[in-house]
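# Per-entry structural report
Below, each chain spelled out in residue letters.
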Amino acid sequence: MLAPLAGIGNWFVRLQAKRHGAGLVVSEMVSSFGLKYGDERTTREFLRIHPDEHPVSIQLFGHDAEAMRIAAAKVAEAGADLIDLNMGCPVRKVCKTGAGAALLDDPDRAVAIARAAREGSGLPVTVKLASGQRPGDRAGLHLAQRLVEDAVAGIAFHPRHASQEHRGEPDYDLAATLVEALDVPVVISGGLSSDERAAEAFERTGAAALMLARGSLGNP
Ligand SMILES: Cc1cc2nc3c(=O)[nH]c(=O)nc-3n(C[C@H](O)[C@H](O)[C@H](O)COP(=O)(O)O)c2cc1C
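The structure displayed is predicted, hence computed values, not measured ones.

How each quantity is defined
- Residues numbered from 1 in each chain as written.
- Predicted model: local features only at pLDDT ≥ 70, side-chain atom pairs only at ≥ 80, totals over all residues.
- Core = buried A, V, L, I, M, F, W, Y, C linked by C-beta atoms within 7 Å.
- Buried ≥ 20, exposed ≤ 12 C-beta atoms within 10 Å, placed from the backbone.
- Helix = DSSP H or I, 4+ residues; strand = E, 2+ residues; numbered from the N terminus.
- Contact = placed C-beta atoms within 7 Å.
- Pairing = 2+ DSSP bridges.
- Axes fitted to C-alpha atoms, helices over the stretch in contact; angles between N-to-C directions.
- Right-handed = clockwise from strand over helix to strand, strands pointing away.

With that settled, the discussion passes to the nonpolar core. Counting residues in hydrophobic clusters, the biggest one holds 70 residues, and the most contacted among them are L60, A114 and A117. In terms of residue count, helix 6 (residues 107-121) provides more of this core than any other element does, six residues in total. Sequence-distant contacts of A117, defined by excluding residues within four places in its chain, comprise L60, M68, A72, I83, L85 and V125.

The following block contains the structure:
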């Protein structure tokens, strides 16, 4: 599976991943507000889906359930197979609006957003989570449980804290705890920079699948 990487490109990167065996590709995150207000670039560039890239998931972010409902309907109309919601992005510009990793600390809002995405699109919805805001914080695990009870078909889990900003060792043992606790597929992201590391993460976590991010770029 190819993980979302904002700013890295869109469907031609996904097609390349497909060509090299990815079972599912996910777009970079797309603003639900941009789609709601019909922003031309957001709609034209980010909702473009190539016929050869199915199954494809479009990732959305935002802090408002009603905007998410409208955006999700547009994603379904564009032909996506799944919607993934970003609730793990640590970037300040995103978090200060209440989206991304800020939702780890706002579970009621997070669940309402996921429900709205599912209802608005009629598609299966997955959510990408980080472990929490800071070391020792397990908010991501608690939120995963709530989301799965309510609206969500699967979890993509990046077992680092938002404060790590994608640096440091991912906590695969923590990921294994989540895999064990949930009845839906859990996909692992983080630190998959070689075949060996990917095999180790797969084995140690018992995950349903792995998401390749930085490890898939440069030398696919
Ligand atoms: C430049 C950059 C952009 C990213 N953009 C997104 C994004 O749009 N959506 C998302 O869910 N994750 C995004 N991520 C996180 C990756 O999908 C992935 O979870 C993270 O890099 C850990 O995997 P890795 O250590 O194998 O790279 C981004 C990471 C980087 C470094």
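The next subject is the sheet that holds strand 4 (residues 125-132). Pairing is parallel across the open sheet formed by seven strands, whose spatial order is 1-2-3-4-5-6-7. With one partner strand each, in any of the chains shown, strand 1 (25-31) and strand 7 (209-211) form the two edges of the open sheet. Here the strands of the sheet are splayed against their neighbours by 30° on average, with no regard to which way each runs. Across three bridges, strand 6 (residues 186-189) lies against strand 7 in parallel orientation. Note on strand 7: the bridge partner recorded for I188 is L210.

In terms of burial, strand 2 (residues 56-61) is largely enclosed, as six of its six residues are buried. Neither face of strand 2 is left uncovered, since the one carrying V56, I58 and L60 and the one carrying S57, Q59 and F61 both have all their residues buried. Two strands pair when backbone bridges link them, and strand 1 and strand 2 are joined in this way by five bridges, in the parallel orientation. Note on strand 2: the bridge partner recorded for V30 is L60. Here strand 2 pairs with strand 3 (residues 82-87) via four bridges, running parallel. Counted as the bridge partner of I58 is I83 from strand 3. Considered for its hand, the β-α-β crossover made up of strand 2, helix 4 (residues 65-77) and strand 3 is right-handed.

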